[in-house]
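Tertiary structure, described
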Amino acid sequence: PEGSKGIWFDNDFAILTLESPVEITNDISTICLPTESNYDDRKALVTGWGKRKLKAAVVRTISNEECTSIDPRLNKTHVSENMICVKGETGISSKGDSGGALITMSRHGEAYEQIGVVSFSSISYFRTLPGVNARVTAELDWIKSHMQGDVCESH
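Residues numbered from 1 in each chain as written. Predicted model: local features only at pLDDT ≥ 70, side-chain atom pairs only at ≥ 80, totals over all residues. Heavy atoms only, no water.

Right, let's talk about the overall build of the protein for a bit. Helix and strand counts for the protein come out as two helices and six strands. Of the regular secondary structure in the protein, the N- to C-terminal order runs β-β-α-β-β-β-β-α. Counting the 155 residues in the protein, one finds 41% classified as buried. Put simply, 62% of the contacts in the protein that link residues at least 6 apart link residues at least 24 apart. Accessible area of the protein: about 9900 Å², with a carbon and sulfur share of 51%. (Helix = DSSP H or I, 4+ residues; strand = E, 2+ residues; numbered from the N terminus. Buried < 20%, exposed > 50% of the residue type's maximum accessible area, 1.4 Å probe, protein only. Contact = heavy atoms within 4.5 Å. Areas by Shrake-Rupley, 256 points an atom, 1.4 Å probe, with all protein chains shown as cover.)

Written out as structure tokens, the structure is:
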């Protein structure tokens, strides 16, 4: 998608095209796309490879207003409506995690949905500062228009 001029990492997405299909198994499956419009104040899991090792942290999504009020260096120029912020009790994301998934359980608990893509964090080693993710719902039409194959559908 096209980035907004003057906004850091706005629409921070990429789609990978695999050379061959992936076989879906008990250990390998698709993730559902988001089905709701608002994911503020939700328990979520953020993942990333960091320094060559997959890690995960439990986080809580927060409103963009709360995000920019926590860290005065972030403002509407840095955090747009195309982004979703998180705070973590055990950390957020760190250097090298960009592109990792931010996932949450659907409201009715039937499937996991990917609601964000790790973009950047203020200073990741301070748990009190937010992490900023590209908001999947902001580019859902673009994502769907570039996808091939099946995707999980939560109900």
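Moving on, we come to the pairing of strand β6 (residues 131–135). Burial of β6 is extensive: five of the five residues sit out of reach of the surface. Taken together, the four bridges between strand β3 (residues 83–88) and β6 define a ladder with antiparallel strand orientation. Directly across from M83, in β6, lies its bridge partner A134. (Pairing = 2+ DSSP bridges.)

With that out of the way, let us pick up the state of the cysteines. Following the criterion strictly, the structure yields one disulfide and no others. Each sulfur of the disulfide joining C67 and C85 lies 2.2 Å from the other. On the sign convention where negative is left-handed, the bridge of C67 and C85, at about -70° about the S-S bond, is left-handed. One end of the pair, C67, is in helix α1 (residues 64–70); the other, C85, is in strand β3, with 18 residues separating them in the sequence. In this structure C67 comes out as buried when scored by relative accessible area, which is 0%. For C85, a relative accessible area of 0% gives the class buried. (Disulfide = S-S within 2.5 Å.)

Within the fold, I15 resides in the segment before β1 (43–48). The class of I15 is partly exposed, set by a relative accessible area of 33%. Separated by 131 residues in sequence, I15 and H146 have C-alpha atoms that sit 7.6 Å apart. The residues touching I15, leaving out its near neighbours within four places in the chain, are W142, I143 and H146.

A surface patch of nonpolar side chains, about 530 Å² in accessible area, is lined by L16, L18, V22, I24 and I28. When you line up the elements, L16 lands in the segment before β1. You can call L16 exposed: its relative accessible area is 75%. (Patch = residues over 30% accessible without salt bridge, like charges linked within 9 Å, V, L, I, M, F, W, Y side chains within 5 Å. Salt bridge = Lys/Arg side-chain N within 4 Å of Asp/Glu carboxyl O.)

Attention now moves to the nonpolar core. Listed in full, the ten residues of the largest apolar core are Y39, A44, V46, A57, V59, I84, V86, L102, I115 and V118. Broken down by secondary-structure element, the contributors of at least two residues to this core are β1, β2 (55–62), β3 and β5 (112–121). Counting residues in each nonpolar core, the second largest holds eight residues, with C67, V79, C85 and F120 among its members. (Core = buried A, V, L, I, M, F, W, Y, C linked by side-chain atoms within 4.5 Å.)

This next bit is on the pattern of salt bridges. The full count for this structure, using the stated rule, is four salt bridges. Between R42 and E36 there is a salt bridge; the shortest N-O distance is 2.9 Å. The shortest N-O distance in the salt bridge between D41 and R60 comes to 3.4 Å. Residue D41 is found in the segment before β1, and its partner R60 is found in strand β2; the two are separated by 19 residues along the sequence.

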